[in-house]
Amino acid sequence: YLIGSTKGYWYEERFITAGLNLDQGKTDEAGLKKIVAGHLDLMPLNELYGWYLIKKMYPGRESEFKMSSTEIDQSSLKLMVSKSYPDSKNILEKFNESLKILKQNGTINEIRLKYGIKE
């Protein structure tokens, strides 16, 4: 398989070490274009971000894409704010408080169900 990769992403060195056949590109969007054109077989993308790009770039054609059920990594996402950004500590505190409320009231689970995201 010819696998699309975005230069500088975390998996790149791991894939090269494994001897996988990579086509390194500058952006995820460029990789998706190559998949649609038949120049790539597959490409690793975060599930939520991948579907976002597909819907943005190819609206109405989502059924032409498939997501593997096998995960290559299960890292969690984090919110980062520069310490020099005005009121950064307060921003992070408010974000964490709001996220806690969304988890407690079930909104997070509703979002996961709506978009087919595994926990």
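Residues numbered from 1 in each chain as written. Predicted model: local features only at pLDDT ≥ 70, side-chain atom pairs only at ≥ 80, totals over all residues. Heavy atoms only, no water.

Visitor: How do you make sense of the confidence of the model for the protein chain when you look at a structure like this?
Guide: Detailed reading of the predicted coordinates is not advisable wherever pLDDT falls low. Predicted confidence across the protein chain gives a mean pLDDT of 90, with 96% of residues reaching 70 or more. In the model of the protein chain, helix H5 (residues 107-115) stands out as the element of lowest mean pLDDT, 85, in contrast to helix H2 (residues 28-36), which has the highest, 96. (pLDDT = per-residue confidence, 0-100. Helix = DSSP H or I, 4+ residues; strand = E, 2+ residues; numbered from the N terminus.)

Visitor: Before we go on, may I ask you to explain the packing of aromatic side chains in this structure?
Guide: Note on aromatic pairs: each is described by the distance of the centres and the angle between the planes. Inspection of every chain in the model, using the stated rule, returns five aromatic pairs. For the pair Tyr49 and Tyr52, a centre-to-centre distance of 6.2 Å together with 25° between the ring planes defines the contact as stacked. One end of the pair is Tyr49 and the other is Tyr52, both in helix H3 (residues 47-57) and three residues apart, which spans about a single turn. Taking relative accessible area as the criterion, Tyr49 reaches 33% and is therefore assigned partly exposed. Seen from their ring centres, Tyr58 and Phe65 are 5.9 Å apart, and the 35° between their planes marks the pair as tilted. Taking relative accessible area as the criterion, Tyr58 reaches 11% and is therefore assigned buried. (Phe/Tyr/Trp six-rings, centres within 6.5 Å; stacked < 30°, edge-to-face > 60°. Buried < 20%, exposed > 50% of the residue type's maximum accessible area, 1.4 Å probe, protein only.)

Visitor: Sorry, what's going on with the pairing of strand E2 (residues 22-25) here?
Guide: Remark: a regular strand shows side chains that alternate across the two faces of the sheet. Across four bridges, strand E1 (residues 3-6) lies against E2 in parallel orientation. When the bridges of E2 are listed, Thr6 appears paired with Gly25. The β-α-β motif built from E1, the intervening helix H1 (residues 12-17) and the parallel element E2 has right-handed crossover chirality. (Pairing = 2+ DSSP bridges. Right-handed = clockwise from strand over helix to strand, strands pointing away.)

Visitor: Looking at this structure, how should I read H2?
Guide: Note: α-helices contain 3.6 residues per turn, so residues at a spacing of three or four share the same orientation. The set of residues buried in H2 consists of Asp28, Gly31 and Leu32. Within H2, the buried residues cover an arc of 100° as seen down the axis, which keeps them to one side. Following H2 by one or two positions, Gly38 adopts a phi angle in the positive range, close to 85°. (Arc of directions from axis to C-beta.)

Visitor: Please clarify how the environment of Lys83 should be interpreted in this entry.
Guide: With respect to the helices, strands and loops of the structure, Lys83 is situated in the loop between H3 and helix H4 (88-104). C-alpha separation for the pair Lys83 and Gly60, spaced 23 residues apart in sequence, amounts to 41 Å.

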